[in-house]
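Take a look at the letters that make up each chain.
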Amino acid sequence: MAVDLLLGLQWGDEGKGKIVDVLTKDYDIIARFQGGPNAGHTLEFDGIKHVLRTIPSGIFHENSINVIGNGVVIDPVVFVKELEGLDQFNIDYKNKLIISRKAHLILPTHRLLDAASEASKGKAKIGSTLKGIGPTYMDKTGRNGIRIGDLELKTWKEKYRSLANKHEAMIDFYNVDMQYDLKEMETEFFAAIKTLKELTFIDSEEYLNQAMKAGKTILAEGAQGSLLDIDFGTYPFVTSSNTTAAGACTGLGIAPNKVKDVYGIFKAYTTRVGSGPFPTELFDEVGVEMAKVGREFGAVTGRPRRCGWLDLVALKYTCEVNGVTQLMMMKGDVLSGFDSLEICTAYKYKGKTIKHFPYNIEPENVTPVYTKFKCWSEDLTKMTETSQFPKELNDYIAFLEKELEIPIKVVSVGPDRKQTIHR
Ligand code: IMP
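My aim in this report is to walk through the structure given alongside it, one point at a time. Predicted model, so just to flag it, every value in this text is computed and none were measured.

## Some points on the overall build of the protein
A count of helical and extended segments in the protein gives eleven helices and 20 strands. Against the compact-globule benchmark of 22 Å for 423 residues, the protein has a radius of gyration of 21 Å, which places it among compact chains. Oriented by its inertia axes, the alpha-carbon framework of the protein measures out at about 65 × 50 × 40 Å. At a minimum sequence separation of 6, the contacts of the protein that also span at least 24 residues come to 77%. Within the structure as shown, the protein displays about 18,400 Å² of accessible surface, and the carbon and sulfur contribution to it stands at 51%. The centroid of the 53 positive side-chain charges in the protein is displaced by 3 Å from the centroid of its 56 negative side-chain charges.

## Some points on the pattern of salt bridges
By the definition in use, this model includes 22 salt bridges. With a closest N to O distance of 3.0 Å, Glu296 and Lys267 form a salt bridge. Of the two residues, Glu296 sits in the loop between helix H9 (285-293) and strand E13 (306-308) while Lys267 sits in strand E11 (residues 259-267), which places them 29 residues apart along the sequence. One network of salt bridges, with partners in common, ties together Asp13, Lys267, Glu296, Arg305 and Lys331.

## Quick word on the environment of Leu105
Position of Leu105 among the secondary structure elements: in strand E8 (residues 104-105). Considered as a pair, Leu105 and Asp139 are 34 residues apart in the sequence and their alpha carbons are 9.9 Å apart. With sequence-adjacent residues up to four places away left out, Leu105 is seen in contact with Ile74, Pro76, His110, Thr136, Ile146, Ile148, Leu151, Ile193 and Leu196.

## Details of the site of the ligand
Near the ligand you find 15 residues, and of these Asn38, Ser128, Thr129, Thr239 and Arg303 are the closest. Taking Arg303, its side chain carries an N or O atom lying 3.0 Å from an oxygen atom of the ligand. Summarising the interface, the protein chains cover 96% of the accessible area of the ligand, which totals 470 Å² for the free molecule. The residue inventory of the shell around the ligand, partitioned by class, reads six nonpolar, seven polar and two charged.

## Observations regarding the packing of helix H10 (residues 312-322) against helix H11 (residues 391-404)
At a minimum axis separation of 10 Å, H10 and H11 run at an interaxial angle of 50°. Here H10 lies oblique to H11, going by the angle between them. Crossing of H10 against H11: the hand is right-handed. Between H10, through Leu312, Leu315, Lys316 and Cys319, and H11, the contact on the second element is made entirely by Phe399, Leu400, Glu403 and Leu404. A per-class count over the contact of H10 with H11 returns six nonpolar, no polar and two charged.

## Quick word on the sheet that holds strand E2 (residues 29-32)
Spatially, ten strands are ordered E9-E7-E5-E2-E10-E1-E11-E15-E19-E20 in an open sheet, and the strand pairing comes out mixed. At either margin of the open sheet sits one strand with a lone partner, and together these are strand E9 (200-202) and strand E20 (420-422). Between one strand axis and the next, the sheet turns through 25° on average, direction left out of account. Where E2 lies against strand E10 (residues 218-221), four bridges are found, and the strand directions are parallel. For Ile29, the partnering residue across the bridge sits in E10 and is Ile218. Contacts from helix H8 (residues 245-252) reach strand E1 (3-8), E2, E10 and E11 within the one sheet, and its direction differs from that of E1 by about 125°.

## Digging into the side chain of Ser412
Tracing the backbone shows Ser412 in strand E19 (residues 408-412). Not counting the four nearest positions on each side in its chain, Ser412 is found in contact with Lys18, Met329, Met330, Lys331, Gly332, Asp333 and Gln419.

## A word on the packing of helix H5 (residues 156-174) against helix H6 (residues 182-196)
It is the contact of H5 with H6, at a shortest axis distance of 14 Å, that shows an interaxial angle of 150°. Crossing handedness for the pair H5 and H6: right-handed. Taken together, the residues of H6 that come into contact with H5 (itself represented by Trp156, Lys157, Tyr160, Arg161, Ala164 and Glu168) are Leu182, Glu186, Phe189, Phe190 and Ile193. Each residue belonging to the contact of H5 with H6 can be placed in one class, and the counts come to seven nonpolar, no polar and four charged.

## Points about helix H2 (residues 76-87)
Taking 1.5 Å of rise per residue, twelve residues should cover 16 Å, and H2 covers 16 Å from first to last C-alpha, within 8% of that figure. Along H2, the positions that sit buried rather than exposed are Pro76, Val77, Val78, Phe79, Val80, Glu82, Leu83 and Leu86. A distance of 2.9 Å separates the backbone nitrogen of Val77 from a side-chain oxygen at the start of H2, and that oxygen is part of Asp75.

## Describing the environment of Ile202
Its location among the elements puts Ile202 in strand E9. Once residues lying within four places of it in the same chain are set aside, the contact partners of Ile202 are Ile98, Ile99, Ser100, Arg101 and Tyr207.

Scoring rules and cut-offs
Residues numbered from 1 in each chain as written. Predicted model: local features only at pLDDT ≥ 70, side-chain atom pairs only at ≥ 80, totals over all residues. Heavy atoms only, no water. Helix = DSSP H or I, 4+ residues; strand = E, 2+ residues; numbered from the N terminus. Rg over C-alpha atoms; globule rule 2.2 N^0.38 Å. Contact = heavy atoms within 4.5 Å. Areas by Shrake-Rupley, 256 points an atom, 1.4 Å probe, with all protein chains shown as cover. Lys, Arg positive; Asp, Glu negative; His and termini not counted. Charge placed at Lys NZ, Arg CZ, Asp CG, Glu CD. Salt bridge = Lys/Arg side-chain N within 4 Å of Asp/Glu carboxyl O. Near = heavy atom within 4 Å. Polar contact = N/O pair within 3.5 Å; in protein donor to acceptor, adjacent residues only side chain to side chain. Nonpolar A, V, L, I, M, F, W, Y, C, P; charged D, E, K, R; others polar. Axes fitted to C-alpha atoms, helices over the stretch in contact; angles between N-to-C directions. Parallel < 35°, antiparallel > 145°, perpendicular 65-115°, else oblique. Left-handed = near helix turned anticlockwise from the far one by under 90°. Pairing = 2+ DSSP bridges. Expected span 1.5 Å × (residues − 1). Buried < 20%, exposed > 50% of the residue type's maximum accessible area, 1.4 Å probe, protein only.

Right under this line is the structure:
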């Protein structure tokens, strides 16, 4: 069997956790392929809200196996807290959560380096979640990292010490004012490693390829969003992994010809956390209202998210880069009752009108060109089928499908599993 991918098409927080949870029943295996605890995948069902960071969103389903792939970076301390969260709901993760030996470890000093690097940048800071993501991927590509498989070797602590010493020297080099107690952080880290080692470590690329041969279905769950991709995102205001479709192949060891559907998730408007350009950002009361109604606060850091109109130029770009075959529109319910809606359909770029996503979308280069739409006033959150949709919502959806040339198969009208309408 093949693998399907599920990816965010904007700057993250599109609602991937919810959709993976909805789709899980159709798959045998759910696999995370990149990122780490910078992600916060929110799932709501039975009146309870769960936030997952590194663990795939299939964990709440009895029959699905959840794989953390080689492309993921794992912080044992955060990971163990996540496991404790599952314990509260008696989720038997030991039999359905497996970790790639090739996944890299986030060390306490990676978190410190992240903080030091951000502090040294002043106003130019990335707005990182400070989970140590960047420094860990730097050590991976620099060929210095420590992998999950290393924990099975007797010598891993020596490797740890030598890397942590090097990191301490690097932290000193940044010369920023930072208070920390590494000994205390290490005590917590080594205790967490002990718990982590009780889980199953595997050669996940072999496992996944054998599973496909045996006819199993796999859903690869992306984290962050395509505009945060290290290559195709709004560099340098991006995360440090490939969040786009190709990242699923390298982050799981699955060949491109095994990929079937690519589900692209987007919000009916746009949000962004952290720094970086955002052409359709709203600074008026409309943006404030979107943030309020949409409960737009980061699941990891609690930071308020910046809000703005839907950017079709950016969306077309990410659909193309990912080869999206089906779209899922989230949070349509949040837009109910606005005076009117706008979609950015082109950019004014250095005096010209362009429809492609250029190298640089900084505000001095790019001004959005909008098309206006009538807004719906009906509350969508109680709706259960498309026949109940107001005309204005149907028009909004039809316009997007025509422009993107990809069907919108799912419209989400609220955070709960049940508030998901299939078209
Ligand atoms: P980092 O990956 O934590 O270093 O953060 C880099 C940038 O990506 C920052 O602007 C973060 O706010 C953003 N970012 C990282 N993870 C997420 C996510 O899961 N959702 C939304 N933004 C994210």
